[in-house]
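Chain and residue survey
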Amino acid sequence: MTDLSNAAANSALPVPTSLRGAAQAAAARGEPLVVMTSLTGCPYCAMVRNHYLLPMRREGLVHAVQLDVQDRTGNLQGFDGQITTPAEQARAWKARFTPTVLFFGPDGRELAERLVGIAVPDFYGEYLEARLAESRRKLKQR
């Protein structure tokens, strides 16, 4: 049973309880907080999660989490300390499409242009790497 739960835990990105806490933990490692908005059953979300963010997270290359845009019951502390839901937070960010990948500093400001959807799957990894490099540069400048 433990193997199954470990397998399930390794097939999903964590869901944060606090964006502020997650971003501070990421910044302490010199990394941006990478947040993917997701939707159950979204094949493009699964592609980004399973082929890019999860492998990078397992290797310690990114601090990535996910928010379900339909979750109206979960409690989430925003960057401002206020309690909201993942659905409300995604709406506040105007993240209307899934997946949307956002890159945040510890203060909640976006560090790089969002990746919205998957326009060209063959180049997605390069787009992701470029946004991560830009985010890391901006973190170092602070």
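Residues numbered from 1 in each chain as written. Predicted model: local features only at pLDDT ≥ 70, side-chain atom pairs only at ≥ 80, totals over all residues. Heavy atoms only, no water.

The subject of this paragraph is the overall build of the protein chain. Scanning the protein chain from terminus to terminus reveals 5 helices and 6 strands. For the protein chain, the succession of helices and strands along the chain, N to C, is α-α-β-α-β-β-β-α-β-β-α. Whereas a compact globule of 142 residues would reach a radius of gyration of roughly 14 Å, the protein chain reaches 14 Å, a difference of no more than 12%. For the C-alpha atoms alone, the extent of the protein chain along its principal axes is close to 45 × 35 × 30 Å. Taken over 142 residues, the protein chain has a buried fraction of 42%. Here the analysis covers contacts within the protein chain between residues at least 6 apart in sequence; of these, 63% occur between residues at least 24 apart. For the protein chain, the accessible surface area stands at approximately 7,800 Å², while carbon and sulfur atoms represent 52% of it. (Helix = DSSP H or I, 4+ residues; strand = E, 2+ residues; numbered from the N terminus. Rg over C-alpha atoms; globule rule 2.2 N^0.38 Å. Buried < 20%, exposed > 50% of the residue type's maximum accessible area, 1.4 Å probe, protein only. Contact = heavy atoms within 4.5 Å. Areas by Shrake-Rupley, 256 points an atom, 1.4 Å probe, with all protein chains shown as cover.)

Attention shifts here to the sheet that holds strand S5 (residues 100–104). What the 4 strands build is an open sheet, ordered S2-S1-S5-S6; its pairing is mixed. Taken across any chain shown, the strands that pair with only one partner, and hence form the sheet edges, are strand S2 (63–68) and strand S6 (115–116). Both S5 and S6 contribute to a ladder of 2 bridges, which runs antiparallel. Bridge pairing links Thr100 to Val116 in S6. Across the sheet, helix H3 (residues 43–58) lies against strand S1 (33–38), S2 and S5, angled at about 160° from S1, the strand it touches most. (Pairing = 2+ DSSP bridges. Axes fitted to C-alpha atoms, helices over the stretch in contact; angles between N-to-C directions.)

The next thing to look at is the pairing of S1. The element S1 is largely enclosed, with a buried count of 6 among its 6 residues. In S1, alternate side chains face the same way, and those of Leu33, Val35 and Thr37 on one face and Val34, Met36 and Ser38 on the other are all buried. Across 6 bridges, the pairing between S1 and S2 is parallel. For Val35, the partnering residue across the bridge sits in S2 and is Val65. Read from S1 through H3 to S2, the crossover connection turns out right-handed. Pairing of S1 with S5 involves 5 bridges; the strand directions are antiparallel. By the bridge assignment for S5, Val34 is matched with Phe103. (Right-handed = clockwise from strand over helix to strand, strands pointing away.)

Bringing the pattern of salt bridges into the picture now. This model, assessed by the stated rule, comprises 6 salt bridges. One salt bridge connects Asp107 with Arg109, and the closest N-O pair in it is separated by 2.8 Å. Its salt-bridge partner being Arg114, residue Glu110 comes within 2.8 Å of it at the nearest N-O pair. According to the relative accessible area criterion, Glu110 is partly exposed, its value standing at 34%. (Salt bridge = Lys/Arg side-chain N within 4 Å of Asp/Glu carboxyl O.)

None of the figures reported here should be taken as evidence of function without further support.
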